[in-house]
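Spelled out, the chains give:
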Amino acid sequence: QVQLVESGGGLAQAGASLRLSCAASGRTFSNYTMGWFRQAPGKEREFVASIQRTNILPYYADSVKGRFTISRDNAKDSVYLQMNSLKPEDTAVYYCAASLKWTYGSMSPADFGSWGQGTQVTVSS
């Protein structure tokens, strides 16, 4: 499996921006579909965005569409999540994940076999 380490979380005010990064190691990064998920206290882990191996056809949850951008740099074995116009409801632990599957659409956590440890994002109003 690929090992994943997220960074870039923190505290932000509503309307601000944060950029999350996820560094991969251990396997050929470009073989994997990469995804971002988030989990708020008391809620299930939910899909945020995904991007397939060749950095095209990103897909977003409706709740973040137009505000978040997922991208990857296969030369750096990294995936990113640029989060703009943050809202308090974006507060959650954010996880990056890797999958050998790909679907153009919302993907399930069960589709992903490798996960990072998570990074906290807190948005104040």
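Residues numbered from 1 in each chain as written. Predicted model: local features only at pLDDT ≥ 70, side-chain atom pairs only at ≥ 80, totals over all residues. Heavy atoms only, no water.

Engineer: What should I look at first to understand the nonpolar core in this one?
Structural biologist: Grouped burial of nonpolar side chains is what soluble globular proteins tend to show. Of all hydrophobic cores here, the largest spans 35 residues; its most connected members are Trp36, Val79, Leu81, Met83 and Tyr94. Elements that contribute at least two residues to this core include exactly strand S3 (18-25), strand S4 (33-39), strand S5 (46-51), strand S7 (68-73), strand S8 (78-83), strand S9 (92-99) and strand S11 (119-124). Ranked by residue count, the leading element in this core is S9, at 5 residues. In this view, Val79 contacts Leu20, Ser21, Cys22, Phe29, Met34, Trp36, Ile51, Ile70, Ser71, Arg72 and Cys96; residues no more than four positions away in its chain are not counted. (Core = buried A, V, L, I, M, F, W, Y, C linked by side-chain atoms within 4.5 Å. Buried < 20%, exposed > 50% of the residue type's maximum accessible area, 1.4 Å probe, protein only. Helix = DSSP H or I, 4+ residues; strand = E, 2+ residues; numbered from the N terminus. Contact = heavy atoms within 4.5 Å.)

Engineer: Even after reading the chapter, I still don't get the pairing of S9, so can you show me in this structure?
Structural biologist: Where a strand is regular, its side chains alternate between the two sheet faces. Counting buried residues in S9 gives 7 out of 8 residues, a clear majority hidden from the surface. Pairing geometry for S4 and S9, over 7 bridges, is antiparallel. In the sheet register, Phe37 faces S9, and the bridge partner there is Tyr95. Inspection of the sheet shows S9 paired to S11 by 3 bridges, in the antiparallel sense. Looking at S11, one finds that Val93 is bridged to Gln120. As paired elements, S9 and strand S10 (residues 114-115) share 2 bridges and run antiparallel to each other. When the bridges of S10 are listed, Ala98 appears paired with Ser114. (Pairing = 2+ DSSP bridges.)

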